[in-house]
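Residues per chain are reported as follows:
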Amino acid sequence: MDADLSAAPVSKGGRAGTGTDAEPRPLKLALCASGGGHVRQILDLEPVWRAHDFFFVTEDLALGRSIGAQHRTMYVAHCALGQARLGAPFRMIAAAVRNLSQSLRIVLRERPEAVLTTGAGSMFFMLLFARMAGARIILIDSFARFTAPSVFARIAGPLAHVRIAQSHASADGWGAHVAFDPLRLIDDERPAKEPIVFATVGATLPFDRLVTLVAAAKRDGLLPEHVILQVGDTSARPDAIEEVHEAIPFPAVQGILQRADIVICHGGTGSLITALQQGCRVIAVPRLFALGEHYDDHQLEICTAFAARGLIEVVDAEQDLATALSRVRARPARMATTDTAPLQAHLNMLLTGWSLERRGVSGKSVEQGFSGGPQVRRASRG
């Protein structure tokens, strides 16, 4: 789908005032992220970007469309190197050509002064053209990368003025300028739940294996609860499931999670964190590269890290869905979230400094000390 450069809905308060000569003025800020967990993290950073003249660049998926209903949003084609790894190089090339054209048109029209991005592949050309046009780039590597930086971070890192990791181990292997670990446990009382199981494949890629697992569990009597299944782009439509949807708008997903006792989902951080925030018992089925389900095995890395903290059960080579259901029902649910306050403070400092520089205010550049080498400022884990 071509980039939507027509008059899209403008956020309430999305275009801040002009400021005065003594104050930082709002920056023209591009918020760039692919679908799923990448763009969800941008939403978590709203206290940072709402003070600026912002617009979103993302993919035309369910969450992206819900963002477009509230904020000025432009869409680019999904493309990733992993498409070639999964045997679709020509599809990747065709998508990349469309993405390049869309990204160039957006940058030429909007002329962003700064870009805040959480990746991934579909944002590369936006970063490249924005950097060529003089924009300052902040690249936040995926929260999904606990032990090493993402491929996108390694490729796009040289384009960024500031590189931020969300794992200290990942930062050490990337030369990130600063690292924040946002995962926090929640001690609050779990919300009241209904006998509902919500199973979701996510918004980005098909995942027939998860659909098949849930359908078989329902047929075998392992899921007596009311089951809501989001199947994505697939021909599978299990008859035994009470509710089957191809896509569900993100606000509706949040409403389901408030009621659902158990969530069975793919291993994306966005799906995991959103379910854990609502006190759901979570079973993750990570997509596997060997089965052609994703571009690499980062979902297995995510799920292993979450399971090690006792937050979720995982369906993998060592545990099937029946065992995972038995285990998750036998223990209290644990709640967790991401605390982005330290990251927000850092981003506000950067953007305020850049805004003052645009006004010609003298003073030390806030990015000095960040661009000289791989030394990592380690933020408190809390």
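Residues numbered from 1 in each chain as written. Predicted model: local features only at pLDDT ≥ 70, side-chain atom pairs only at ≥ 80, totals over all residues. Heavy atoms only, no water.

Caption draft 1: View of the packing of aromatic side chains. The full count for this structure, using the stated rule, is five aromatic pairs. Here W49 and F56 contribute two aromatic rings whose centre-to-centre distance is 5.3 Å and whose plane-to-plane angle is 85 degrees, an arrangement assigned as edge-to-face. Residue classification places W49 among the buried residues on the basis of a relative accessible area of 1%. Ring geometry for F125 and F129: centres 6.2 Å apart, planes at 20 degrees, overall stacked. Of this pair, F125 and F129 both sit in helix α6 (residues 124-132), four residues apart, which is roughly one turn of that helix. F125 sits in the buried class, given a relative accessible area of 17%. Members of the aromatic cluster, connected to one another through ring pairs, are W49, F54 and F56. (Phe/Tyr/Trp six-rings, centres within 6.5 Å; stacked < 30°, edge-to-face > 60°. Buried < 20%, exposed > 50% of the residue type's maximum accessible area, 1.4 Å probe, protein only. Helix = DSSP H or I, 4+ residues; strand = E, 2+ residues; numbered from the N terminus.)

Caption draft 2: Geometry of the pairing of strand β2 (residues 53-58). Of all the six residues making up β2, six are buried; the element is thus mostly covered by neighbouring parts of the structure. Alternating residues of β2 divide into D53, F55 and V57 and F54, F56 and T58, and every residue in both groups is buried. Sheet analysis places strand β1 (residues 28-33) next to β2, joined by five bridges and oriented parallel. Bridging from a neighbouring strand, L29 pairs with F54 of β2. One ladder, built from three bridges, connects β2 with strand β3 (residues 73-75); its direction is parallel. (Pairing = 2+ DSSP bridges.)

Caption draft 3: A look at the side chain of Q166. In this fold, Q166 is placed in the loop between β6 (162-165) and α8 (168-172). Side chain to side chain, Q166 and Q41 meet in a polar contact 2.8 Å long. Here the side chain of Q166 touches D141 through a polar contact of 2.8 Å, landing on its backbone oxygen. (Polar contact = N/O pair within 3.5 Å; in protein donor to acceptor, adjacent residues only side chain to side chain.)

Caption draft 4: Just unusual backbone geometry, in detail. Backbone torsion omega between G119 and A120 reads 5 degrees, so that peptide bond is classified as cis. One can find A120 in the loop between β4 (114-119) and α6. Its identity is not glycine, yet R111 carries a phi of approximately 50 degrees, on the positive side. One can find R111 in the loop between α5 (89-110) and β4.

Caption draft 5: Representation of helix α13 (residues 321-330). Residues L321, A324, L325 and V328 constitute the buried set of α13. Down the axis of α13, the smallest arc covering the buried residues is 100 degrees, so these residues share one side. Residues of α13 that are buried make contact with α9 (208-219), β12 (260-266), β13 (281-285) and β14 (313-314). (Arc of directions from axis to C-beta. Contact = heavy atoms within 4.5 Å.)

Caption draft 6: Quick peek at the nonpolar core. Residues V57, V115 and L127 are the most contacted members of the largest nonpolar core, which totals 29 residues. Among the elements of the structure, β1, β2, α5, α6, β5 (136-140) and α7 (151-156) are those that each provide at least two residues to this core. A total of five residues in this core trace back to one element, the largest contributor, which is α6. Ignoring sequence-local partners within four residues, the contact set of L127 consists of V115, T117, I137, L139, F152, A156 and L159. Counting residues in hydrophobic clusters, the runner-up holds 28 residues, among them F143, I196, V253 and L276. (Core = buried A, V, L, I, M, F, W, Y, C linked by side-chain atoms within 4.5 Å.)

Caption draft 7: View of the sheet that holds strand β10 (residues 226-230). Taken in spatial order, the six strands of this open sheet run β11-β10-β9-β12-β13-β14, and their pairing is parallel. Looking at the sheet topology across the chains shown, the edges are occupied by β11 (243-245) and β14. Two elements, strand β9 (residues 194-200) and β10, share five bridges in a ladder whose sense is parallel. Note that in β10 the partner of I196 across the bridge is H226. Running at roughly 130 degrees to β12, helix α10 (residues 250-259) makes contact with β9, β10 and β12 of the sheet. Contacts from helix α11 (residues 269-277) reach β12 and β13 within the one sheet, and its direction differs from that of β12 by about 170 degrees. (Axes fitted to C-alpha atoms, helices over the stretch in contact; angles between N-to-C directions.)

Caption draft 8: The pattern of salt bridges, seen in detail. Inspection of every chain in the model, using the stated rule, returns 14 salt bridges. Residue R25 is joined to E113 by a salt bridge in which the shortest nitrogen-to-oxygen separation is 2.3 Å. In this pair, R25 sits in the segment before β1 while E113 sits in the loop between α5 and β4, placing the two residues 88 residues apart along the sequence. Classification of R25 as partly exposed rests on a relative accessible area of 23%. Overall, the relative accessible area of 15% leaves E113 in the buried class. In this structure, D261 and R190 form a salt bridge, with 2.4 Å as the shortest nitrogen-oxygen distance. (Salt bridge = Lys/Arg side-chain N within 4 Å of Asp/Glu carboxyl O.)

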